[in-house]
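Here's the letter readout for the chains.
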Amino acid sequence: MERRLKYFFLRWHKKIAIIYFIPLLITTVTGILVSLKSIMPWLQPVYPSVNSSLVIGFDQILTISKGVKEANIESWQDVKQIDIRPQTGNIRVRSKHNHWEIQIEGEKGQIITSAPRRVGLLLSIHEGQWFGSFFRWAIFLPSAFGLLFLIGSGLLIILNQIKSNLNQMK
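Not measured: the values here are computed from a predicted model.

**Digging into the nonpolar core**
Working step 1: By size, the foremost hydrophobic cluster in this structure holds 13 residues, and its most contacted members are Ile 73, Val 93, Ile 102 and Ile 104.
Working step 2: Those elements giving two or more residues to this core turn out to be α3 (58–66), β2 (90–95) and β3 (100–105).

So, in structure tokens, the structure goes:
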């Protein structure tokens, strides 16, 4: 590799690494945590297996959800998402207010679990959404391109070093 080109890659490799260290650290840590969600009940409630038919309706789902004080659900406007699994009769209701999730058995309407679901918050931090639009598009997205540059320039630097070492051995 030409000496000027090698110097260019080394210099920019260091600068980009320093500039994007924090966003890449945040993305890496939250990515690791999201990957562990199925074994960490703190991130996502444990989903016990449910095997029933789906009998209850939306009015009953809302009534049952209103009964869970921690979820702060008073109307459909307080519900962020409903996940219905017809094959198993499993219904999950997520609150807009505090990342609370209620799991309801679809035949008798019994609450199976009621717990915070933090994985959505972690995903929004991971993507940069949590910090706002400016940070998401101006910091986190360019940091992904910066990471690609770091990988490419790092490989070029390593390959150049290997080539130099091989030439010295001859």
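That was the structure; now back to the text.
**Concerning the pattern of salt bridges**
Working step 1: Counting across every chain of the model gives 4 salt bridges.
Working step 2: For the salt bridge of Arg 85 with Asp 83, the shortest nitrogen-to-oxygen distance reads 3.0 Å.
Working step 3: Classification of Arg 85 by relative accessible area gives partly exposed; the value is 38%.
Working step 4: Residue Asp 83 is classed as buried on the basis of its relative accessible area of 15%.
Working step 5: Note that Glu 101 and Arg 94 form a salt bridge whose closest N and O atoms lie 2.4 Å from each other. The same class applies to Glu 101 as to Arg 94, namely buried.
Working step 6: When salt bridges with common partners are traced through the structure, they connect Asp 83, Arg 85 and Arg 92 into a single cluster.

Cut-off values and rules
Residues numbered from 1 in each chain as written. Predicted model: local features only at pLDDT ≥ 70, side-chain atom pairs only at ≥ 80, totals over all residues. Heavy atoms only, no water. Core = buried A, V, L, I, M, F, W, Y, C linked by side-chain atoms within 4.5 Å. Buried < 20%, exposed > 50% of the residue type's maximum accessible area, 1.4 Å probe, protein only. Helix = DSSP H or I, 4+ residues; strand = E, 2+ residues; numbered from the N terminus. Salt bridge = Lys/Arg side-chain N within 4 Å of Asp/Glu carboxyl O.

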